[in-house]
Every structure is written in structure tokens, then in C-alpha cells.
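Coordinates in review
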Amino acid sequence: RHTRYISVTRVQTCALPIFKAHHAERLDRLVEALVTPQKPTELFGLMFRREIGPDNMTMAMAETLSHLHLLEAGGRIARARGADGVWRFERRHRP
């Protein structure tokens, strides 16, 4: 048996438009969902097809927060700390 290696650079270059489109779609879906303030955990159903449990909670939280922080940095959403001390994210209302 021979192991066949592929070039990661070649795969990335070929797949880049697909990943960019997928990422843009995911970001747009998040913005649309943030009509009311929501905790990151409340967005897991939108972000992931599989159930999030103790084994993948850290990965899910990191992935969700990275998307939310990107949207916040771009001015598309805002975050505020609730009376319970939990951060919630909401779509920015543009004039």
C-alpha cells in the first residue's frame, strides 16, 4: 500500500471560493437571526447540524464566538452584558 499525499496549498486554492461563499452565508444567517439579543449558546442550532454536548461544547463556543466577534468588528452586530452578567449579541439597527 502506498500513501498518496496531496498539496494542501493546491486544495486551499481550489476550494477557497467555496469556503468564502459558505462563510459569508453563515455570517449573513447569524445577522438575520439576531433580531433579539441572544447568547452564543442559543445560536448553536443555527451554526451546527449536530447536537452540541459536553464533548464538543468548547469547539462549538469557540467557533460561534469567532463568527460573532468578526460580525461585531465589522459593525454588523453589537453585544451587551445582561443583568445576569451574560453577554448577548444583537443585530445593529442602521438608520
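Keep in mind that what you see is a predicted model, and the values were worked out from it rather than measured.

Looking at the overall build of the protein
- A tally of regular secondary structure across the protein gives three helices and two strands.
- From first element to last, N terminus to C terminus, the protein shows the α and β order α-α-α-β-β.
- A sequence separation of at least 24 residues applies to 42% of the contacts in the protein between residues at least 6 apart.
- Of the accessible surface of the protein, which amounts to about 7400 Å², a share of 55% is contributed by carbon and sulfur atoms.

Comments concerning the nonpolar core
- Judged by nonpolar contacts, the single largest core of 14 residues is most densely connected at Leu30, Leu34, Phe48, Leu68, Leu71 and Ile77.
- Only helix H1 (8–33), helix H2 (44–47) and helix H3 (57–73) provide two or more residues apiece to this core.
- Contacts of Leu34, omitting those with residues within four sequence positions, involve Leu43, Leu68, Ile77, Phe89, Glu90 and Arg91.

A look at the pattern of salt bridges
- Considering all chains together, one arrives at three salt bridges under this definition.
- Of the charged contacts, one joins Asp28 and Arg76 as a salt bridge, the two residues approaching to 2.8 Å between their closest N and O atoms. On the criterion of sequence distance, the pair formed by Asp28 in helix H1 and Arg76 in the loop between H3 and strand S1 (77–81) is long-range, its members being 48 residues apart.
- Residue Asp28 is classed as partly exposed on the basis of its relative accessible area of 34%.
- Judged by relative accessible area, which is 30%, Arg76 ranks as partly exposed.
- A salt bridge links Arg88 to Asp84; the shortest N-O distance between them is 2.8 Å.
- Accessibility expressed as a relative area gives 21% for Arg88, which makes it partly exposed.

Let's talk about the pairing of strand S2 (residues 87–91)
- Across five bridges, the pairing between S1 and S2 is antiparallel. By the bridge assignment, Ile77 is partnered in S2 with Arg91.
- Connecting S1 to the next strand, S2, in antiparallel fashion are five residues, including Gly85 with a positive phi near 85 degrees.

A short note on the packing of aromatic side chains
- Here the structure, examined in full by the defined rule, presents one aromatic pair.
- Centroid distance Phe44 to Phe48: 6.0 Å. Interplanar angle 70 degrees. Geometry classified as edge-to-face.
- Above the plane of the ring of Trp87 lies Arg79, whose end atom (NZ or CZ) is 4.6 Å from the centre.

Calculation notes
- Residues numbered from 1 in each chain as written.
- Predicted model: local features only at pLDDT ≥ 70, side-chain atom pairs only at ≥ 80, totals over all residues.
- Heavy atoms only, no water.
- Helix = DSSP H or I, 4+ residues; strand = E, 2+ residues; numbered from the N terminus.
- Contact = heavy atoms within 4.5 Å.
- Areas by Shrake-Rupley, 256 points an atom, 1.4 Å probe, with all protein chains shown as cover.
- Core = buried A, V, L, I, M, F, W, Y, C linked by side-chain atoms within 4.5 Å.
- Buried < 20%, exposed > 50% of the residue type's maximum accessible area, 1.4 Å probe, protein only.
- Salt bridge = Lys/Arg side-chain N within 4 Å of Asp/Glu carboxyl O.
- Pairing = 2+ DSSP bridges.
- Phe/Tyr/Trp six-rings, centres within 6.5 Å; stacked < 30°, edge-to-face > 60°.
- Lys NZ or Arg CZ within 6 Å of the ring centre and 35° of its normal.

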